[in-house]
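Structural characterization, general
Here is what each chain is made of, one letter per residue.
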Amino acid sequence: QNYWTSERHGQVQLRLEKNSLDYEAPLTVHDMVMDTAIKYADYIALGSKHRNGWHTLTYIEYYEQCRRAAKAFLKLGLERFHSVGIMGFNSAEWAIASIGAIMAGGFSVGILSTTSPKACQVIAENTDMDIFVVDNDRQLQKVTQIQSYLKHLKGIVQYKDELQVEQENLYSWKEFLNLAGDISDEKLDRVIDSQKPNQCCTLVYSMGSTSLSKIVMLSHDNITWTTAATVQSLCYKCPPEGQEVLVSYLPLSYIKAQIFDMWVAILVAGTLYFAPPEAGRVGMIPRPPGAGFLMDMLQEVQPTTFYGTPWIWERMLDNLKTSQLDSSTFRRKLDCWAMKLGLNTNKKRMFEQVHPPLCFRLAKMLTFNRARKFLGLSHCEQFFNIGLGLPTATLDFFLSLNIPIFELYGLSEGTGIHTLSSHQAFRLPSCGKGLPNTHTKVKKENEKCIGNICIWGRNIFMGYLNDKEGTQKMMDCYGWMNTRDLGCLDVNGFLYVLGNVKDLITLSSGEKINPRPIEERVKMHIPIVRHVMVVGQDAPYLCALLTLKCQINSETGEPRTALTSEAVAFCRKLKSQSTRLTDILHKRDPVVMEFISQGIKAVNAGAPSESARIIKWAILDTDFSVGGGELGITERLKRVAVAKMYQAEINDFYED
């Protein structure tokens, strides 16, 4: 057996270490779920918000529901190694359908709610989809449009709202589960017993891919081992000593969110809470996960571990700074003292100088606890950033409030997680250390020890479905995967991710420039800048598109023209009266423009070469957003899309 395969029924060699411990023995998904259901039968597993309150399921009820879903899938005709597509807002039904599909011998395929009908058709055809599970009538309409093209489609299940139409092979969630009565326990158990840890159970669309052809195959062992290694690396409570409380809002079609929300919750027997159905009623324009409901939900649920995206952390930062600016002079001075103490103490803690000063407890009582309560994170003991790394200023701000945000790193091809920061292993702005018994190396290093990040471990995917050539490009014969990300390792094994090969800019001189470090320096020197995109492909020099920190509509995620409280306060320090983006752009605020110009000069002063300097720059008339198409769901900059949208501005840079 190879370390990889591109065949749906293929089996792979697991990357077992010689010193593997008993708890690392390969497991199927069913074994992991059943083990928790037996040990923690009466603990609350899932909580779903409805108009008349919270509906909960215990772990034994959760497991039985998954078995019922598996039987119902078999009754509908789900074939071995065929797929079940799940498209809708996160919910108990989403998780049950996913686990049920795996138990029934099929593949679980999460599909984003914003996916177009045509893309749904491509996904369904490429994965031999037998059944579609959707949350509401809007998603159902997409499937109805394309069902005549789908030769494998045997049924559609809608798990929210009343069915608006009657059609053959369309079922409500209740009708679907009732199909389970025709399948015996013995028949389901035979299917479950035939599954092996080194076989595929989940298909994921690679977030980094530009086409729909990249379908990541993840094995049972990828899921169960990565989950166990993550739990081993972090500090989770487990019954009866305590129980984790988690909030699910990031789309479960992203494997990183799925590992943390579904699988880690199961392994530690935590309670996973879902938002009310109306929170997922998005319009035609995509919006950031959590927009419109998350802040209220945190106050109600009080999670013990929280995973935020850059968008969420920025909203929290804006809210905290606005609150601080609105408070009394005495309160501001008190918070300033506490935050200076918090930052200094926590930076020493990073290097294991762990004795906080006596007044730290006072700062905690007066400022830190107050900030956590304001955010709905009073009970939270672990904070994570999922997505592109946060700016240093944002990390420092939260660290000063005794909220260390742990960065992590992982691709869909690495089951979402490869390195993690934790209370035991924390360096800013590092992504932490590798999971136990994984390996990381940097190839083709330059003089600054930056090179291609390559990874090895049981989290590495099986391969791309039906794409042998694409899989071979990712792997070498020893099972190492080239991530095509750029970074470096320090002497203590902490990983720093500093860009991606495909984002490198090749100037007309032939010199290659990594834009990411330049963009980070711009944000550091010019605090009122939110987003930066350095451009210059095939051009003689580099230029930069800048967006300023504007207020965000918390319901939709759309940027407004008013500057944030932080940006306005900064303008006041510069003796500028600007409060809106238009004040700076159309009135050409000379004070702000001069400050930005000086900031760019400071960035250029630290450039490693003449070619890495920004020659021209422009402020755009709107901030980037998910709905605007400039950012992905986890706030990753869509460079190709931005270059097309702002082609005129880029052309202006090089007209002379």
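Above: the structure in question.
Please read these numbers as outputs of a predicted model, since none were measured by experiment.

The rules behind each value
- Residues numbered from 1 in each chain as written.
- Predicted model: local features only at pLDDT ≥ 70, side-chain atom pairs only at ≥ 80, totals over all residues.
- Heavy atoms only, no water.
- Patch = residues over 30% accessible without salt bridge, like charges linked within 9 Å, V, L, I, M, F, W, Y side chains within 5 Å.
- Areas by Shrake-Rupley, 256 points an atom, 1.4 Å probe, with all protein chains shown as cover.
- Salt bridge = Lys/Arg side-chain N within 4 Å of Asp/Glu carboxyl O.
- Helix = DSSP H or I, 4+ residues; strand = E, 2+ residues; numbered from the N terminus.
- Buried < 20%, exposed > 50% of the residue type's maximum accessible area, 1.4 Å probe, protein only.
- Pairing = 2+ DSSP bridges.
- Axes fitted to C-alpha atoms, helices over the stretch in contact; angles between N-to-C directions.
- Contact = heavy atoms within 4.5 Å.
- Core = buried A, V, L, I, M, F, W, Y, C linked by side-chain atoms within 4.5 Å.
- 1 Å grid on protein atoms, 1.4 Å probe; cavity = no way out; pocket = protein on both sides within 12 Å on 5 of 7 lines; lining within 4 Å.
- Points joined across faces, edges and corners; volume = space filled by probe spheres on them.
- Nonpolar A, V, L, I, M, F, W, Y, C, P; charged D, E, K, R; others polar.
- Polar contact = N/O pair within 3.5 Å; in protein donor to acceptor, adjacent residues only side chain to side chain.
- Phe/Tyr/Trp six-rings, centres within 6.5 Å; stacked < 30°, edge-to-face > 60°.
- Lys NZ or Arg CZ within 6 Å of the ring centre and 35° of its normal.

On to a nonpolar patch on the surface, then. Judged by side-chain polarity, Trp337, Leu362 and Met365 come together as a nonpolar surface patch covering roughly 300 Å² of accessible area. Among the secondary structure elements, Leu362 is positioned in helix α13 (residues 360-375). By relative accessible area, which is 40% here, Leu362 ends up partly exposed.

In spatial order, the strands read β2-β1-β11-β10; together these 4 strands make up an open sheet with mixed pairing. The sheet is open, and its two edges are formed by β2 (53-58) and β10 (245-248), each paired on a single side. When the angles between neighbouring strand axes are averaged without regard to direction, this sheet yields 25°. Bridge analysis of strand β1 (residues 44-50) against strand β11 (residues 271-274) gives 3 bridges, and the strand direction is parallel. Bridging across to β11, Leu46 finds its partner in Leu272. Relative to β10, helix α9 (residues 255-267) is tilted by about 150°, and along the sheet it contacts β10 and β11.

Turning our attention to the nonpolar core. By size, the foremost hydrophobic cluster in this structure holds 148 residues, and its most contacted members are Phe73, Phe176 and Trp263. Considering each element in turn, this core owes the most residues, 10 residues, to helix α2 (residues 59-76). When near neighbours in sequence (up to four residues on either side) are disregarded, Phe176 contacts Ala69, Ala72, Phe73, Leu76, Val157 and Tyr171. Formed by 31 residues, the second largest nonpolar core is a distinct cluster that contains Val534, Ile584, Val603 and Ala607.

With that settled, the discussion passes to empty space enclosed by the protein. For the structure on display, the rule yields 4 cavities of 30 Å³ or more. Put simply, the second largest cavity is a space of about 90 Å³. Forming the boundary of the second largest cavity are 14 residues, of which Trp311, Ile552, Phe624, Leu631 and Glu635 lie nearest the centre. Looking at the lining of the second largest cavity, the elements that each hand over two or more residues are α11 (310-326) and β24 (529-535). Residue composition of the lining of the second largest cavity, by class: 6 nonpolar, 3 polar and 5 charged.

The next thing to look at is the layout of surface pockets. A probe as big as a water molecule, rolled over the atoms, marks out the empty space that is left. What the second largest pocket holds in volume is close to 580 Å³. Lining the second largest pocket are 25 residues; nearest its centre among them are His50, Glu93, Tyr159, Lys160 and Asp161. Of all the secondary-structure elements, those providing two or more residues to the lining of the second largest pocket are β1, β2, α3 (92-103) and α6 (173-178). With 4 residues, β1 is the single largest residue contributor to the lining of the second largest pocket. In terms of residue class, the lining of the second largest pocket is built from 9 nonpolar, 7 polar and 9 charged.

This part covers the side chain of Glu519. Here Glu519 shows up in helix α16 (residues 515-525). At 2.9 Å, the side chain of Glu519 forms a polar contact with the backbone nitrogen of Val534. Apart from the residues lying within four places of it in its own chain, the contact partners of Glu519 are Val532, Met533, Val534 and Arg639.

Looking now at the packing of aromatic side chains. Geometrically, a pair of aromatic rings is defined through the distance of the ring centres and the angle of the planes. Taken as a whole, this structure holds 23 aromatic pairs when the rule is applied. When the ring of Phe384 is compared with that of Phe406, the centres are 5.5 Å apart and the planes differ by 65°; the resulting orientation is edge-to-face. Of this pair, Phe384 sits in strand β13 (residues 382-385) while Phe406 sits in strand β14 (residues 405-409), placing them 22 residues apart in sequence. A single burial state applies to Phe384 and to Phe406, both of which are buried. By the ring-pair criterion, three or more aromatic residues cluster together here, those being Tyr249, Phe306, Trp313, Phe397 and Phe398. Against the face of Tyr464 rests Lys214, its NZ or CZ located 4.7 Å from the ring centre. The ring of Trp311 has Arg315 lying over it, and the distance from NZ or CZ to the ring centre is 5.0 Å.

With that out of the way, let us pick up unusual backbone geometry. That bond from Pro239 to Pro240 is cis: its omega, 0°, falls within 30 degrees of zero. Checked against the element boundaries, Pro240 lands in the loop between α8 (220-233) and β10. Between Leu428 and the following residue, Pro429, the backbone shows a cis peptide bond with an omega angle of 0°. Of note, Pro429 is situated in the loop between β15 (419-420) and β16 (433-434). We note that Ala269 has phi near 55°; this positive angle belongs to a residue other than glycine. Here Asn402, not a glycine, exhibits a phi torsion of approximately 65°, which is positive.

Next up on the list: the pattern of salt bridges. Opposite charge on two side chains permits them to pair, given that their charged atoms come into close proximity. In this structure the tally under the stated criterion is 26 salt bridges. One salt bridge in this structure joins Asp467 and Lys214, with 3.7 Å as the shortest N-O distance. Taken together, the residues span a long stretch of sequence, with Asp467 in the loop between β19 (463-464) and α15 (468-474) and Lys214 in the loop between β8 (200-205) and β9 (215-219) at a distance of 253 residues. The residue Lys473 makes a salt bridge to Glu469 at a minimum N-O spacing of 3.9 Å. Residue Lys473 and its partner Glu469 are both found in helix α15; the two are separated by 4 residues, about one turn of the helix. For the pair shown, Lys473 and Glu469 are each scored as exposed. Linked through salt bridges whose partners overlap, the residues forming this network are Glu314, Arg315, Asp318, Arg530 and Asp623.

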